[in-house]
Amino acid sequence: MEKGSCSMGVKKMGLMLAFLGFLFFDGLLLCSAYNVHHYSFILKETNFTRLCTEKSMFTADGKWPGPTIHVRKGDTAFINVHNDGDYGVTIHWHGVRQPRNPWSDGPENITQCPIKPGTNFTYEVIFSTEEGTLWWHAHSDWSRATIHGAIVILPKLGTTYPFPEPYAEQVLILAEWFNGDVKELIDDATETGGDPTPSDAYAINGQPGFPNNCSNDTSFRLSVQPGKTYLLRLINAVMNEEMFFGIAKHNITVVAQDGAYIKPISTSYIMITPGQTMDILLTANQAASYYYIAATPFFDSGAPFDSSNTSAILEYTGTYTPPISPPYPTLPNATDKDAADNFTTRIRSLASPEHPVDIPQTITKRITITVSVNQILCANASCGGPDGNRLAASLNNISFSTPSIDFLQAYYGNLSSVFDRDFPDRPPYVFNFTGDVGNNTLYPSVGRKAHLIKYGESVEIVFQGTNIGNAENHPMHLHGFSFYLVGTGYGNFDNVTSPKTFNLKDPPEVNTIGVPKNGWAVIRFVADNPGVWFMHCHLERHASWGMDTVLIVENGPTNETSIRPPPPNLPTCS
Ligand code: C2O
Ligand code: CU
């Protein structure tokens, strides 16, 4: 559709129609700055068999993972989503900033009401600064387990990667397979207040692979030519566990994270949290043979989790006798947080002239948020969590409850009853957050609160993990922005000593960060995107338990700094 030719053309690629943008200038036909793409997804129930278990799953176009969206930096994609399923659903474009356009961001009852069965909605997904790999997923309860796919954002025409052009590229999506129905599973857990049942397997591109039951023959296979370099676009679409990932006998080089380039990191394994994406170069420089590509969980709390492995096969082309048992990568243990940190703390923005960073140095708005797993008391200790309580989670000790009319319509239409505007910018209780909290389970309040930020503020958010309940690493995700992760540490954040450890030169620019178990993480960004933006833990059970809040960036002084008007045909809320 592109390749430098600037004729006016329309080319069909499956369901995608790509219209080549063009404009006339002094009689010359020039390429416009961006292209417009059209996609359409049909959400429907489809039968799948994994681990010798057949079930019906809610998918996009009958595929798991769903279709890949291809764009170039700065393009716009119109994506029509038709819901042929049994219940309402929404789609989120994870990591896409969507300048001034929260209407197409997707989280259910935050920026829109669900697309009801038998109806459709067209999202306008506006790409701006992102380049690399992002992904899309359903954003209604746990439907993202089965409804998700990759977004590939190539460099603008006439520009190229900040590394040698790879020979070919491959999307790899890590996900979780549940033998049961995912909606029933979370509905049951919500009803009882207990821990949701862990998954039965992980999968790479929809296949659990060796050593899972009935899975050896169906492993995903990546065929490579000796000596060539491949770009792997790795996405963690797992619901509840962070993951280690590696390829036997091969070092890999990580070159981008969350749709932004980083200084290349050569490593034997990586740690990737749910929500994150990483672009990885793999050179086929070992003896022609088969090698396992594998992922295993990183899970540093005492809660139940899926401890199984998933694998795919790296298969060299050429003639050789395939090994009977190909080498398997050595990955860290599930609780090895040093291994996780050793990788994560190496990540730095590329910060080159072509890909500069712009880190706010003077902060005008500071917010501190405690991140906790809590419990809520149940009458007669009748719930399914510890001591008959209900498991809950909170930000600043407020456990989020989702309204039935979305925040955005309520905010835009000045409806005052839907949510409160007093999400605090300080923890309501100050204690030794990461110390021995003993029996201090600190019951959270339940609320529906947003925090308002003025347009253009330079914002710093300190996320402070707490040792209440089951402490663990929390992958916090903010919609509408990518932000700089300027520092992380263990223990309590200290206003004097912690900032001295900040990286204000080349911190990673990301959309999801791990707040270390019993530690803190600090992010910075400029509030230059007016809208209603969800912020939550990307471990799905924590998000369901209330580890969520909403940041509203108010309109600036002009039209160009204000939320766009709503699109036609927004799903209705009743
Ligand atoms: Cu990946 Cu709120 O989402
Ligand atoms: Cu969490």
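### Overview of the overall build of the chain
Reasoning step 1: Counting its regular elements, the chain contains four helices and 36 strands.
Reasoning step 2: Taking 574 residues into account, the globule formula puts the C-alpha radius of gyration at 25 Å, and the chain, at 23 Å, falls close to it.
Reasoning step 3: Based on the C-alpha atoms only, the size of the chain along its principal axes is roughly 65 × 65 × 55 Å.
Reasoning step 4: Every one of the 574 residues in the chain was classed for burial, and the buried ones make up 59%.
Reasoning step 5: Residue pairs in contact within the chain that sit at least 24 positions apart in sequence constitute 77% of those at least 6 positions apart.
Reasoning step 6: Counting every atom, the chain has about 22200 Å² of accessible surface; 51% of that belongs to carbon and sulfur.
Reasoning step 7: Of the side-chain charges in the chain, 37 are positive and 54 negative, and the distance between the mean point of each set is 6 Å.

### A word on the domain arrangement of the chain
Reasoning step 1: Looking at the chain, the domain boundaries give domain 1 (10-154), domain 2 (168-344) and domain 3 (365-561).
Reasoning step 2: Taken together, the contact between domain 2 and domain 3 spans 28 residues of the former and 26 residues of the latter.
Reasoning step 3: Taking both sides of the interface into account, the surface hidden between domain 2 and domain 3 amounts to around 2200 Å²; carbon and sulfur atoms contribute 45%.
Reasoning step 4: If you sort the residues of domain 2 by the area they bury against domain 3, N240, D258 and D300 come out on top, with a joint share of 20%.
Reasoning step 5: Summed over the shared surface of domain 2 and domain 3, the number is two salt bridges.
Reasoning step 6: Of the charged contacts in the structure, one is a salt bridge between K263 and D506, with a shortest N-O distance of 2.7 Å.
Reasoning step 7: For the side of domain 2 that touches domain 3, the elements supplying multiple residues, two or more each, are helix 1 (182-192), strand 19 (260-267) and helix 2 (337-344).
Reasoning step 8: Top element by residues in the side of domain 2 that touches domain 3 is helix 1. It accounts for four residues.
Reasoning step 9: Within the side of domain 2 that touches domain 3, the residues separate by chemical class into eight nonpolar, 11 polar and nine charged.

### Section: the environment of H92
Reasoning step 1: Residue placement: H92 occurs in strand 9 (residues 91-94).
Reasoning step 2: C-alpha of H92 to C-alpha of N342: the two residues are 250 residues apart in sequence and 31 Å apart in space.
Reasoning step 3: Aside from chain neighbours lying at most four places away, what touches H92 is D105, G106, W135, W136, H137, H139, H477 and H479.
Reasoning step 4: For H92, the side chain forms a polar contact with the main-chain oxygen of D105, separated by 2.8 Å.

### Describing the state of the cysteines
Reasoning step 1: Scanning all chains against the criterion turns up three disulfides.
Reasoning step 2: Each sulfur of the disulfide joining C113 and C573 lies 2.0 Å from the other. Note on the C113 and C573 pair: the S-S dihedral is about 95°, so by sign convention the disulfide is right-handed. Residue C113 is located in the loop between strand 9 and strand 10 (120-126), and its partner C573 is located in the segment after strand 36 (548-553); the two are separated by 460 residues in the primary sequence.
Reasoning step 3: For C573, a relative accessible area of 28% puts it in the partly exposed group.
Reasoning step 4: The disulfide bridge from C378 ends at C383, spanning 1.9 Å between sulfur atoms. Torsion about the S-S bond of the C378 and C383 cystine: about -90°, corresponding to left-handed handedness. Taken as a pair, C378 and C383 share a single burial class, namely buried.

### Some remarks on the coordination of the copper ion (ligand 2)
Reasoning step 1: Bound to the copper ion (ligand 2) on the protein side are H474 (ND1), C537 (SG) and H542 (ND1), at distances that span 2.1 to 2.2 Å.
Reasoning step 2: Between consecutive donor residues of the copper ion (ligand 2), the sequence gaps follow H-x62-C-x4-H. With a gap of 68 residues between them, H474 in strand 30 (residues 474-478) and H542 in helix 4 (residues 540-545) connect regions that are remote in the sequence. Each of the two residues, H474 as well as H542, counts as buried.

### So, unusual backbone geometry
Reasoning step 1: At the junction of W64 and P65, the peptide bond is cis and its omega measures out at -5° in the coordinates.
Reasoning step 2: Of the consecutive residues F210 and P211, the connecting peptide bond is found in the cis state with omega at 0°.
Reasoning step 3: With respect to the element layout, P211 can be found in the loop between strand 14 (201-204) and strand 15 (221-224).
Reasoning step 4: Of note in this structure, D141 is not a glycine but carries a positive phi near 45°.

### Digging into the pattern of salt bridges
Reasoning step 1: Under the counting rule described, the total for this entry stands at 15 salt bridges.
Reasoning step 2: D279 is paired through a salt bridge with R233; the nearest N and O atoms lie 3.6 Å apart. Residue D279 is located in strand 21 (residues 277-283), and its partner R233 is located in strand 16 (residues 229-236); the two are separated by 46 residues in the primary sequence. In terms of burial, D279 and R233 fall into one category: buried.
Reasoning step 3: Shared partners join several salt bridges into a network, and the residues in it are E169, R233 and D279.

### A look at the sheet that holds strand 20 (residues 270-272)
Reasoning step 1: Taken in spatial order, the five strands of this open sheet run 15-23-22-17-20, and their pairing is mixed. Edge positions in the open sheet fall to strand 15 and strand 20, since each of these has one partner strand only. Going from strand to strand, the sheet's axes swing by 25° on average, the running direction of each strand aside.
Reasoning step 2: Across six bridges, strand 22 (residues 290-298) lies against strand 23 (residues 310-316) in antiparallel orientation. When the sheet's bridge partners are listed, Y290 is paired in strand 23 with E315.
Reasoning step 3: Sitting on the sheet, helix 2 is in contact with strand 17 (242-247), strand 20 and strand 22, with an inclination near 95° to strand 20.

Reading the values: the criteria
Residues numbered from 1 in each chain as written. Chains lettered and ligands numbered in written order. Predicted model: local features only at pLDDT ≥ 70, side-chain atom pairs only at ≥ 80, totals over all residues. Heavy atoms only, no water. Helix = DSSP H or I, 4+ residues; strand = E, 2+ residues; numbered from the N terminus. Rg over C-alpha atoms; globule rule 2.2 N^0.38 Å. Buried < 20%, exposed > 50% of the residue type's maximum accessible area, 1.4 Å probe, protein only. Contact = heavy atoms within 4.5 Å. Areas by Shrake-Rupley, 256 points an atom, 1.4 Å probe, with all protein chains shown as cover. Lys, Arg positive; Asp, Glu negative; His and termini not counted. Charge placed at Lys NZ, Arg CZ, Asp CG, Glu CD. Domains from an automatic or database assignment. Buried area = accessible area lost by both parts, 1.4 Å probe. Salt bridge = Lys/Arg side-chain N within 4 Å of Asp/Glu carboxyl O. Nonpolar A, V, L, I, M, F, W, Y, C, P; charged D, E, K, R; others polar. Polar contact = N/O pair within 3.5 Å; in protein donor to acceptor, adjacent residues only side chain to side chain. Disulfide = S-S within 2.5 Å. Donors = N, O, S within 2.8 Å, 3.2 Å for Na, K, Ca; no water. Pairing = 2+ DSSP bridges. Axes fitted to C-alpha atoms, helices over the stretch in contact; angles between N-to-C directions.

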